[in-house]
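Summary of the model geometry
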Amino acid sequence: MADQSVLVIIPAYNEAASIVATVNAVIATGFDYVVVNDGSRDNTLDICREHGFNVLDLPQNLGIGGAVQAGHKYARAHGYSIDIQFDGDGQHDASYLEALVDAVHEGRDLVIGSRFLEPTDGFQSTVMRRVGKTWLSGCLKLMARVRVTDPTSGFRACGPRAIELFCNSYPIDYPEPESIALAARSGLTLGEIPVVMHERQGGVSSINALASVYYMIKVSLAIAITCAFHHRKG
């Protein structure tokens, strides 16, 4: 019996090709869930309604940060003590949901599912993205004084303190690394567990090879600003 205090947040933007399989995988675990339809321009919303999925429909596209924050606010409003981001593109593996929940119960405020914590045969993204991952890990270690092996992972669980923090403040663009810095500087405890991820089952990534350098520069500056304006607590 899955923990009924846990909500799985499934942000979805133009994920018509993968949303049914993604939601069904979560349903099979027994956890509660909500699909956050981020103003999709395809028929993602229609598919969710046809299948009777629990869906929060945003009237316009807010970006991944806005969609995830809407999910956190939904979790808080409905009394969930843990929520888990589980992307709608089919990359995340629902068999790791329980392990993320366990790590929160063990005392972590924010737990990240990492592709790089242990050797794995799973999908580990492109070469440029792995370079960016290494760079951002270094930025977080230097500026936020936190060690994270997979800073761009969107597969993550939040306990009550992280939910409250992210309801009040959450980055909009490319939020994963910046939100880690925000959590660390706010005195939250962070952890990672090893996970296996899959290639996208459909849709198109918001970050292509040409945008990778821009992404690294922008996120590095965002981390620096976050660390400068949030004095480390704890």
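This text follows the structure it describes.
Just so we're clear, the structure is a prediction, and the values are computed from it rather than from any experiment.

Thresholds, definitions, all that
- Residues numbered from 1 in each chain as written.
- Predicted model: local features only at pLDDT ≥ 70, side-chain atom pairs only at ≥ 80, totals over all residues.
- Heavy atoms only, no water.
- Helix = DSSP H or I, 4+ residues; strand = E, 2+ residues; numbered from the N terminus.
- Buried < 20%, exposed > 50% of the residue type's maximum accessible area, 1.4 Å probe, protein only.
- Contact = heavy atoms within 4.5 Å.
- Areas by Shrake-Rupley, 256 points an atom, 1.4 Å probe, with all protein chains shown as cover.
- Core = buried A, V, L, I, M, F, W, Y, C linked by side-chain atoms within 4.5 Å.
- Pairing = 2+ DSSP bridges.
- Axes fitted to C-alpha atoms, helices over the stretch in contact; angles between N-to-C directions.

Side note on the overall build of the protein
The number of helices and strands found in the protein is eight helices and seven strands. Relative to its full complement of 234 residues, the protein shows a buried share of 54%. Relative to all contacts within the protein whose residues are 6 or more apart in sequence, the contacts with residues 24 or more apart total 77%. Of the accessible surface of the protein, which amounts to about 10700 Å², a share of 55% is contributed by carbon and sulfur atoms.

Details of the nonpolar core
Counting residues in each nonpolar core, the largest one holds 29 residues, and the members touching the most others are Val 146, Phe 166 and Ile 223. Contributing elements (two or more residues each) for this core: β5 (110–114), α5 (127–144), α6 (160–168), α7 (175–185) and α8 (212–229). The next biggest cluster of nonpolar side chains, apart from the first, holds 28 residues, and it includes Val 35, Phe 53, Ala 94 and Met 197.

A short note on the sheet that holds strand β7 (residues 190–194)
Hydrogen bonding along the main chain pairs the strands of a sheet, whether they run parallel or antiparallel. Read from one edge to the other, the open sheet built from seven strands follows the order β3-β2-β1-β4-β6-β5-β7, with strand pairing classed as mixed. A strand with exactly one partner marks an edge of an open sheet, and here the two such strands are β3 (55–58) and β7. Strand-to-strand, the axes of this sheet are offset by a mean angle of 20°, without reference to chain direction. When strand β1 (residues 6–12) meets strand β4 (residues 82–85), the two strands line up parallel, connected through four bridges. Note on β4: the bridge partner recorded for Val 6 is Ile 82. Across the sheet, helix α4 (residues 97–105) touches β1, β4, β5, β6 (156–158) and β7, and the angle it forms with β4 is around 140°.

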